[in-house]
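# Commentary on secondary and tertiary structure
The chain contents come next:
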Amino acid sequence: MQTLEKFQYDNKIVRNFAYATIIWGVVGMLVGLWVAMLMVFPQWNISGIGVGKETIGLSFGRLRPLHTNAVIFAFVGNGIFMGYYYSLQRLLKTRMASDMLSKIHFWGWQLIIVAAAITLPLGMTTGKEYAELEWPIDIAITIIWVIFGWNMFATILKRRERHLYVAIWFYIATFVTVAVLHLVNSFEYPVSFLHSYSWYAGVQDALVQWWYGHNAVAFFLTTPYLGLMYYFMPKAANRPVFSYKLSIIHFWALIFLYIWAGPHHLLYTSLPNWAQSLGIVFSFVLIFPSWGGMINGLLTLRGAWDKVREDVILKFMVVAVTAYGMATFEGPMLSLKSVNAISHFTDWTIAHVHVGGLGWNGMLTFGILYWVIPKIFKIELFSKRLANFHFWIATLGIIFYAVPMYWAGFQQASMWKQFTEAGQLKYQFIETVTYMKPFYAIRSFGGFLFVTGAIVMMYNLFMTVAKGKLVANEDAEAPALEKVVTQHHGEHWHRRIERRPIPFLIVTLIVILIGGIIELVPTFLIKSNVPTISSVKPYTPLELQGRDIYRREGCYTCHSQMVRPFRSETERYGEYSKAGEFVYDHPFQWGSKRTGPDLAREGTLNLKKTDTWHFNHMDDPQAISPGSIMPPYSFMLDKELDTASTPAKIKAMRAMGVPYAKGYEQIANRDLMNQATTIQNNLLNDSVRVKANTEIIAIIAYMQRLGTDIEKNKIAENKN
Amino acid sequence: MSVLILLIGFSILIAGGFLLAFIWSVKRGQYDDDYTPSVRMLFDDKPVGEEDPSFKPKQK
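Residues numbered from 1 in each chain as written. Chains lettered and ligands numbered in written order. Predicted model: local features only at pLDDT ≥ 70, side-chain atom pairs only at ≥ 80, totals over all residues.

## Concerning the overall build of chain B
For the record, the criterion: Per the convention used, a helix needs a DSSP run of H or I reaching at least four residues, while a strand needs a run of E reaching at least two, with both numbered from the N terminus. Any residue with 12 or fewer other C-beta atoms within 10 Å of its own C-beta is exposed, any with 20 or more is buried, and the rest are partly exposed; the C-beta atoms used are placed from the backbone.
A tally of helices and strands in chain B yields two helices and zero strands. A buried classification covers 7% of the 60 residues belonging to chain B.

## Looking at the overall build of chain A
Our working rule: Between the two quantities, the radius of gyration covers C-alpha atoms and the globule rule is 2.2 Å times the number of residues to the power 0.38.
A tally of helices and strands in chain A yields 25 helices and six strands. In summary, chain A has a C-alpha radius of gyration of 26 Å against a globular reference of 27 Å for 720 residues, a match within 12%. On the principal axes, the C-alpha backbone points of chain A span a range of 95 × 55 × 55 Å.

## With respect to the packing of helix H3 (residues 99-119) of chain A against helix H4 (residues 135-157) of chain A
Residue and element names in this part refer to chain A. In plain terms, the rule: Here the axes come from fitting lines to C-alpha atoms, over the contacting stretch only for helices, and the angles between their N-to-C directions go from 0 to 180 degrees. Oblique is the label for every angle not falling under 35 degrees (roughly parallel), over 145 degrees (roughly antiparallel), or within 65 to 115 degrees (roughly perpendicular). Take the far helix as your reference; a near helix turned counterclockwise from it by less than a right angle gives a left-handed crossing, and one turned clockwise gives a right-handed crossing. Residue pairs qualify as contacts under a 7 Å threshold applied to their C-beta atoms, which are placed from the backbone. Only Asp, Glu, Lys and Arg are considered charged in this grouping, and only Ala, Val, Leu, Ile, Met, Phe, Trp, Tyr, Cys and Pro are considered nonpolar; every other residue, Gly among them, is considered polar.
For the pair H3 and H4, the least separation of the axes is 9 Å and the interaxial angle reads 160 degrees. As the angle between them shows, H3 and H4 are arranged roughly antiparallel. For the crossing formed where H3 meets H4, the hand is left-handed. Note on element contacts: H4 touches H3 through Ile137, Ala140, Ile141, Ile144, Ile147, Phe148, Trp150 and Asn151, opposite Leu101, Ser102, Ile104, His105, Gly108, Trp109, Ile112, Ala115, Ala116 and Thr119. Split by residue class, the contact of H3 with H4 holds 13 nonpolar, five polar and no charged.

## A short note on the confidence of the model for chain B
All names here are of chain B. The criterion, for reference: A residue's pLDDT is the confidence the predictor assigns to it, expressed on a 0 to 100 scale.
In this model, chain B carries an average pLDDT of 55, and 18% of its residues clear a pLDDT of 70 or more. Between residues 1-11, whose pLDDT stays under 50, and residues either more than four places distant or in other chains, the model counts six contacts. Across the assembled chains, the prediction reports ipTM 0.72 with pTM 0.89.

## What about the pairing of strand S4 (residues 188-192) of chain A?
For the record, the criterion: When DSSP finds at least two bridges between two strands, those strands are taken to pair.
As paired strands, S4 of chain A and strand S5 (residues 195-198) of chain A are joined by four bridges and run antiparallel to one another. Each bridged residue has a counterpart across the sheet, and for tyrosine 189 of chain A the counterpart in S5 of chain A is tyrosine 197 of chain A.

## Structural notes on the environment of serine 47 of chain A
Residue and element names in this part refer to chain A. Structurally, the position occupied by serine 47 is in strand S2 (residues 46-51). With 20 C-beta atoms counted inside 10 Å, the residue serine 47 sits in the buried group. Sequence spacing of serine 47 and glycine 57 is ten residues, and the spatial spacing of their C-alpha atoms is 4.2 Å. Excluding its chain neighbours within four sequence positions, the residues that come into contact with serine 47 are Gly57, Ser59, Pro631, Pro632, Tyr633 and Phe635.

## What about the environment of threonine 68 of chain A?
Looking at the element boundaries, threonine 68 of chain A is found in helix H2 (residues 60-92). Spatially, the C-alpha atom of threonine 68 of chain A lies 18 Å from that of isoleucine 56 of chain A, the residues being twelve residues apart in sequence.

## Thoughts on helix H23 (residues 664-685) of chain A
Residues and elements named next belong to chain A. Let me state the cut-off plainly: Here the expected span of a helix is defined as 1.5 Å times the quantity of residues minus one.
With 22 residues, H23 extends 31 Å between its outermost C-alpha atoms, agreeing within 8% with the 32 Å of an ideal straight helix rising 1.5 Å per residue. Taken as a whole, H23 has its buried residues at Ala668, Asn669, Leu672, Ala676, Ile679, Gln680 and Leu683. Immediately beyond the C-terminal end of H23, within one or two residues, lies serine 687, with a positive phi of roughly 50 degrees.

## Section: unusual backbone geometry
Residues and elements named next belong to chain A. Omega for the bond connecting histidine 586 with proline 587 falls within 30 degrees of zero, at -10 degrees, which places this linkage in the cis form. If you trace the backbone, proline 587 turns up in the loop between helix H19 (567-573) and helix H20 (611-619). For lysine 93, which is not a glycine, the phi torsion comes out positive at approximately 55 degrees. As for its position among the elements, lysine 93 is in the loop between H2 and H3. Unusually for a residue other than glycine, leucine 194 sits at a positive phi of about 75 degrees. With respect to the helices, strands and loops of the structure, leucine 194 is situated in the loop between S4 and S5. Accessibility expressed as a C-beta count within 10 Å gives 18 for leucine 194, which makes it partly exposed.

## Comments concerning the environment of threonine 125 of chain A
Residue and element names in this part refer to chain A. For threonine 125, the position within the fold is in the loop between H3 and H4. On the neighbour-count criterion, threonine 125 (27 C-beta atoms within 10 Å) is buried. The spatial distance from the C-alpha of threonine 125 to the C-alpha of proline 541 is 20 Å, given a sequence separation of 416 residues. Not counting residues up to four positions away in its chain, the partners in contact with threonine 125 are Pro65, Leu120, Glu132, Glu134, Arg551, Arg552 and Gly554.

## A closer look at the packing of helix H22 (residues 646-655) of chain A against H23 of chain A
Any two packed helices are characterised by how steeply their axes cross, that is the angle between the axes, and by the distance between the axes. Residues and elements named next belong to chain A. Running from amino to carboxyl end, H22 crosses H23 at an angle of 125 degrees, the nearest separation of the two axes being 8 Å. Between H22 and H23, the angle is such that the two are oblique. When you trace H22 past H23, the crossing you get is right-handed. Between H22 and H23, the contacting residues are Thr646, Pro647, Ile650 and Lys651 on the first element and Tyr664, Glu665, Gln666, Ala668, Asn669 and Leu672 on the second. Considering only residue class, the contact of H22 with H23 consists of five nonpolar, three polar and two charged.

## Quick word on H4 of chain A
Here H4 of chain A contains 23 residues, and its C-alpha end-to-end distance of 33 Å stays within 8% of the 33 Å for a straight helix at 1.5 Å per residue. Considered for burial, the residues of H4 of chain A that qualify are Trp135, Ile137, Ile141, Phe148, Gly149, Asn151, Met152, Thr155 and Ile156 of chain A.

## Quick word on the confidence of the model for chain A
Residue and element names in this part refer to chain A. Confidence in the prediction for chain A averages 89 pLDDT; 92% of positions are at 70 or higher. Mean pLDDT values over the elements of chain A span from 61, in helix H17 (residues 501-525), up to 97, in helix H1 (residues 12-38). In the predicted structure, residues 714-720 sits below a pLDDT of 50 and forms nine contacts with residues beyond four places in sequence or in another chain.

Here is the structure:
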């Protein structure tokens, strides 16, 4: 007979993360609602309030990254940690290894979020979606992530339960993969404090970015939440998971397949075709492990569906798992080239991610919060009626969000692709924009309902907390872990791995590395993947500065720079994009959404506009292009260009292989001013007076440069 | 950049080794058991003899 050991669970850390989840959730959703409304009321965009040398921008381009970062890393991130700290201690029958590490993890993560909330509106961004935070914050994330992992593994090592429950594997896979993803994608060359360039360029940067981007979805929004589902859903329903065996199989299949799926974000782009095909195959196969998890979750409620009628927590969870099922059915479909040709760059993608985000992550988080808070405060939920109200208004919100966005996306694509009988494009781009406005308005309403629900939850949980008292240290007892493990004959192979967290960590690491590495390496190594186009030259210093402004303002959140090889696109935008055109693009700015038109060839052929057109358009887009929803950037007319940074930028670019001559940084600003004066004179001819060293001049220079390189020459592909 | 290539080469070797081990263990056909953990996680053992008087669930 073993003796029982007494110990206590740390509930305080769970409470802290729960509070953070609620607060950042509401904040992130409110920012989301705001940016949604900016698309209906573009005049609400505020850009370029001066603060010293920098500017604060409350415009779509700067706030959209704030929204995505807030809901992903602040809301879902804290939700993950809340669930981890609650379930890990109980599954392992031990307190967290170190309260101090838990605390550092908590406060470190909140500081990172605050840093993001400050730097992003200031325009300090790497220009890579979902990885916008600048290098010092990237380092902070790494440190805090390691602390979190250390604490988790130390806890696993001192556990009193030999077997590692399925949820814990998901946690481990999450920790390891996110660490690798973050490290690989955040290879940056710092130019100054809070400014850096991605080490990768063009097509390689795009591949690394979407390898990261997709796996962020996989390993930040999916695997940890599957782990949480495997803990909290059986708990809430008080019955075991449908099939434990299925959970093992779908876990391994999921982590093994997910890592290969990234290229489906780059279909029909300049990414080598073989990489696209690889991405498609694995994305499609992913439906099996994904649905394995979905089915396992839903069937956990077999014979208990009457409980779903009564229990609001289960309602949230059922909608969450259903949304997961829908999103993971849709994902593989969207990865098919024929579907992607329609969906890509449209609001269809926005609908897709919000079914996952609002449905899967949102609803599951709400369900867990309603379950955990009363548990650790030892009191019943303040109001079931309010929770029910939250459930229905959130569900309605998702519908009001997703349906118009699906419609809008399909409509958008159809209009982009429509030709008249005479063979001309039927619609001007602006017509597709104005057509979207009612849909954007209904979507905002859906978002409003969803946020309202979250605020009601905040109140409900606040009242619950006010009436209860936190059990900061919850008593528990369990037998000590037996020292010797007897090997049973015919034991399940998997069990041996489960008993060894460290080997398990290594194994998981290897599994995810295979996928990532095989996909990444060839593009790095095989030169033929990136045809060298002799006429493609590095940006001039002025264009480089303009490009940095483009990135600072988040132009890539609405404009793509990637012409796909379709007639509807080559007719509208010109020659389709070639990999070799992007070799000096640190970072790539292909974008993933066309709220505005593609800009890859903005400076060429029939797309080319005069300098004065650009000047007036940036000053007041609606005046030049009636119906446009672009924010105005009139502050650039006066804002002085930071030419002091030019030498450092040129040096950084050269260090990364951009062929600027040695010592060019010393004369770069002279060239910059020459080019600026030329543009200034062009503007003067149209009687527009502006100083040469203003930001508007730089952004015009960049616009006029876009796509012009291959116009000069026929493409000279390096055939090796 | 060539350091990266070397590192990656080694990683693929290790990864391949793992894959073989994985296939090998699958072929051993040891797919059974796997039920009790799903039930055990449902029980959060309360310390013996402890009743919290402040916690009164509402009557249905």
